[in-house]
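If you want the building blocks of each chain, they are given just below.
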Amino acid sequence: MKEFEELQQLWRKNVPDSKRSFEEVMRAIESGRKELATKMLWHVVAFAAGLLVLFYIWLTVPFVTWTSHLALLLLAACMVYALRAQWRSYKEMQFDALESGQKPEAFISRLKKFKADRYRQHTRSFVIYEVCLALAFVLYSIELYFALSLGVFIGMMIFIIFWFLISHFVFLKAYIDHENEKVQSLIDELDRIRNQFD
Amino acid sequence: MKDQKRIAFKKLFEENSKKVFNLCYGYTGDADMANDLMQETFIKVWQNLDKFRNQSQLSTWIYRIGVNTCLSHLRSAKRKPTEELNDYIIENHTEEAGEQNEQVAALYRAIAQLKENERIIITMVLDEVPYAEIAEISGISEGNLRVRIHRIKHKLTEIYNRIERV
């Protein structure tokens, strides 16, 4: 039989030493910052290149109908929207650092709300993005109707509609289910831990 | 300016890293994971050093960041569910028992069977952090905390003695 004081002595004599030096932590800070900045830079470069290609097509291909121009405008808007979403994600990643000094109970509540909001925002963003893309294709199809033979046009439309249906009912549903499950399990865990601080 | 921040940070690291490591070690029961969490804590300290406004002692603030880092490490991809983590700690320290002191292994296994907040609180008690500071770190009133610490001490001793008897 041991008393708590004996356990305390046992603990104090036997906790291993930390193997992480100050220099290693500084290197991790530097590399983390650089890694994130590089990742963000690549995203910005990829979207900027996409926008340049889009503008190149816009300027060089002689589109006839105004609906095609509107479609291109919508596509450009979708890309800017996606870029903005990337930027917001980057800013959100700094959330932890900003909220770290809170009391544990408040921190867990905030974390729980953040997770739920992020899930809602991501799934809603996906639908907006999908609607805008669909609208852009519909607008562009008006020009295709005049430019292509009826058979090719119908074939192309069937392919596009089929693709959107798969995206919406298979990919989006799978994405939402997966996110929902992940977020719910995290929220349950956070709830469980938060209750320990009540 | 940046050099000054680095010097101040180095001092903070030297004064507090061992305490934060012990906290993380008590929480996870795993030295590698504790090193990672300790590092993550100090990365957050570095990022927020300019925002520290002396509302509390610097060491309390760092401890609190450590506690929140431990509590939120369940978000990481490498995370194991609590039950699985407890099993892992128990298994890990059972395997080490041959090489290490059996009593130490039993102590780690006993801590692993406590709830998350109990692990955090008892680790600070084991490290002799003053009760007032533990209360401020955990956001629990001092009166309430004393009762809670009494219960956790009792629970830990009971689990430890049960393990030792087996």
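A quick note: this is a predicted structure, and the numbers were derived from the prediction, not measured.

## Considerations on the overall build of chain B
For chain B, the count of helices and strands is 8 helices and 0 strands. Secondary structure of chain B in N-to-C order comes out as α-α-α-α-α-α-α-α. In chain B, buried positions account for 43% of the 166 residues. Once local pairs closer than 6 in sequence are excluded, the contacts in chain B between residues at least 24 apart make up 64%.

## Topic: the overall build of chain A
For chain A, the helix and strand inventory stands at 6 helices and 0 strands. Mapped from its N terminus to its C terminus, chain A presents α and β elements in the order α-α-α-α-α-α. The C-alpha radius of gyration of chain A comes to 26 Å, more than 25% above the 16 Å expected for a compact globule of 198 residues. Counting only C-alpha atoms and orienting by the principal axes, one finds that chain A spans roughly 90 × 35 × 25 Å. Among the 198 residues that make up chain A, the fraction classed as buried is 11%. Within chain A, contacts between residues separated by at least 24 positions form 82% of all contacts whose residues are at least 6 apart in sequence.

## Concerning the packing of helix H2 (residues 31-48) of chain B against helix H3 (residues 58-71) of chain B
Axis angle and axis distance: for two packed helices, these are the angle between their axes and the distance between the axes, and together they describe the pair. All names here are of chain B. Relative orientation of the contacting elements H2 and H3 amounts to 125 degrees, with a least axis distance of 9 Å. In terms of orientation, H2 lies oblique with respect to H3. Of the two possible hands of crossing, H2 and H3 adopt the one that is right-handed. Where H2 abuts H3, its residues Leu37, Glu40, Thr41, Lys44 and Val45 lie against Ile62, Ile65, Gly66, Thr69 and Cys70. Taken together, the residues of the contact of H2 with H3 sort by class into 5 nonpolar, 3 polar and 2 charged.

## A closer look at the interface of chain A and chain B
Each partner contributes residues to the interface: chain A has 35 residues there, and chain B has 42 residues. Tallying contributions element by element places helix H1 (residues 4-14) of chain A first for the side of chain A that touches chain B, with 6 residues. For the side of chain A that touches chain B, the residue count by class is 19 nonpolar, 8 polar and 8 charged.

## A short note on the confidence of the model for chain B
Looking at chain B as a whole, the pLDDT averages 83, with 82% of positions reaching at least 70. Under the prediction, the complex receives an ipTM of 0.77, its pTM being 0.70.

## So, helix H6 (residues 150-196) of chain A
Over its 47 residues, H6(A) runs 67 Å from end to end, which matches the ideal 69 Å to within 8%, given 1.5 Å per residue. H6(A) sits mainly on the outside: 2 of its 47 residues count as buried.

## As for helix H5 (residues 104-147) of chain A
Along an α-helix, residues three or four positions apart point the same way, because every turn accommodates 3.6 residues. All names here are of chain A. Between its terminal C-alpha atoms H5 stretches 63 Å, which fits the 64 Å expected from 44 residues at 1.5 Å a residue. Of all the bends found along H5, the most pronounced is centred on Ser141 and spans about 30 degrees. For H5, every residue scored as buried is listed here: Pro104, Phe107, Ile108, Leu111, Ala136, Leu139 and Tyr140.

## Side note on the domain arrangement of chain A
All names here are of chain A. Domains assigned within chain A are domain 1 (1-61) and domain 2 (65-198). Relative placement of domain 1 and domain 2: their C-alpha centres are 25 Å apart. The interface of domain 1 with domain 2 comprises 8 residues on the first partner and 8 residues on the second. In the side of domain 1 that touches domain 2, the residues fall into 6 nonpolar, 2 polar and no charged.

## Here we look at the environment of B:Glu116
Position of B:Glu116 relative to the elements: it lies in helix H6 (residues 116-126). With 10 residues separating them along the chain, B:Glu116 and B:Ala106 place their C-alpha atoms 18 Å apart. Look past the residues within four positions of B:Glu116 in its chain and what remains in contact with it is A:Ile193, A:Gln196 and B:Leu71.

Analysis parameters
Residues numbered from 1 in each chain as written. Chains lettered and ligands numbered in written order. Predicted model: local features only at pLDDT ≥ 70, side-chain atom pairs only at ≥ 80, totals over all residues. Helix = DSSP H or I, 4+ residues; strand = E, 2+ residues; numbered from the N terminus. Buried ≥ 20, exposed ≤ 12 C-beta atoms within 10 Å, placed from the backbone. Contact = placed C-beta atoms within 7 Å. Rg over C-alpha atoms; globule rule 2.2 N^0.38 Å. Axes fitted to C-alpha atoms, helices over the stretch in contact; angles between N-to-C directions. Parallel < 35°, antiparallel > 145°, perpendicular 65-115°, else oblique. Left-handed = near helix turned anticlockwise from the far one by under 90°. Nonpolar A, V, L, I, M, F, W, Y, C, P; charged D, E, K, R; others polar. pLDDT = per-residue confidence, 0-100. Expected span 1.5 Å × (residues − 1). Bend = angle between axes of the 7 residues up to and from the residue. Domains from an automatic or database assignment.

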